[in-house]
Amino acid sequence: MECNNDKVRSIIEALSDKEPIEAYQTLLEENCFGRSMIYDVGGKYLVYMKDEENACIEETNSIDRARELARAFVDSVCS
């Protein structure tokens with residue numbers, strides 16, 4: 001996983017005009033912020049995870065693994 005660096009920023013900028021295939025986020029009433037988005041990038045899945053302090057990405061070959069990462073990140077933000 002890559003977090004808070006130039007590589008993350010450049011990848012996210014490149015994805016700015018692309019819609020995620022799935023997205024997960026915390027509920028607004030939970031008083032914390034966490035969001036995960038899954039992008040299909042050339043047959044691989046890129047999971048973009050962001051909370052109040054960090055922005056991270058992880059690449060995987062499996063949509064199931066991408067979903068697992070995205071959900072786990074969002075679940076961990078408010079716990």
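Engineer: Got a minute to help me understand the environment of Gly 34 in this structure?
Structural biologist: Considering the arrangement of structural elements, one finds Gly 34 in strand β3 (residues 34-41). A residue is classified by how much of its surface remains accessible, and Gly 34, at 0% relative accessible area, is buried. Along the backbone, Gly 34 and Cys 3 are 31 residues apart, and their C-alpha atoms lie at a distance of 14 Å. Setting aside chain neighbours within four positions, we find Gly 34 in contact with Tyr 24, Gln 25, Thr 26, Lys 50, Asp 51, Val 74 and Val 77.

Engineer: Looking at this model, I keep getting lost on the sheet that holds strand β1 (residues 2-3). Mind explaining?
Structural biologist: In sheet architecture, strand pairing relies on hydrogen bonds along the backbone and comes in two forms, parallel and antiparallel. Taken in spatial order, the five strands make up an open sheet running β1-β5-β4-β3-β2, and their pairing is antiparallel. Edge strands, defined here as strands with exactly one partner in the open sheet, are β1 and β2 (22-25). Note: β1 against strand β5 (residues 55-60), two bridges, orientation antiparallel. Each residue of the ladder has a partner; that of Cys 3, found in β5, is Cys 56. The sheet strands contacting helix α1 (residues 6-14) are β1, β4 (44-51) and β5, and the helix crosses β5 at an angle near 75°.

Engineer: What exactly am I supposed to notice about helix α2 (residues 63-77) here?
Structural biologist: Along an α-helix, residues three or four positions apart point the same way, because every turn accommodates 3.6 residues. The first and last C-alpha atoms of α2 sit 22 Å apart over 15 residues, in line with the 21 Å expected at 1.5 Å per residue. Among all positions in α2, only Ala 66, Leu 69, Ala 70, Phe 73 and Val 74 are buried. Angularly, the buried residues of α2 cover 120° about the axis, an arc narrow enough to put them on a single face. With respect to the buried face of α2, the exposed residues turned more than 90 degrees away are Asp 64 and Asp 75. Taken together, the buried residues of α2 touch β2, β3, β4 and β5. You can read the cap of α2 off the contacts: a side-chain oxygen lies 3.2 Å from the backbone nitrogen of Asp 64, and it is on Ser 62.

The rules behind these values
Residues numbered from 1 in each chain as written. Predicted model: local features only at pLDDT ≥ 70, side-chain atom pairs only at ≥ 80, totals over all residues. Heavy atoms only, no water. Helix = DSSP H or I, 4+ residues; strand = E, 2+ residues; numbered from the N terminus. Buried < 20%, exposed > 50% of the residue type's maximum accessible area, 1.4 Å probe, protein only. Contact = heavy atoms within 4.5 Å. Pairing = 2+ DSSP bridges. Axes fitted to C-alpha atoms, helices over the stretch in contact; angles between N-to-C directions. Expected span 1.5 Å × (residues − 1). Arc of directions from axis to C-beta. Polar contact = N/O pair within 3.5 Å; in protein donor to acceptor, adjacent residues only side chain to side chain.

What is shown is where atoms sit, not what they do.
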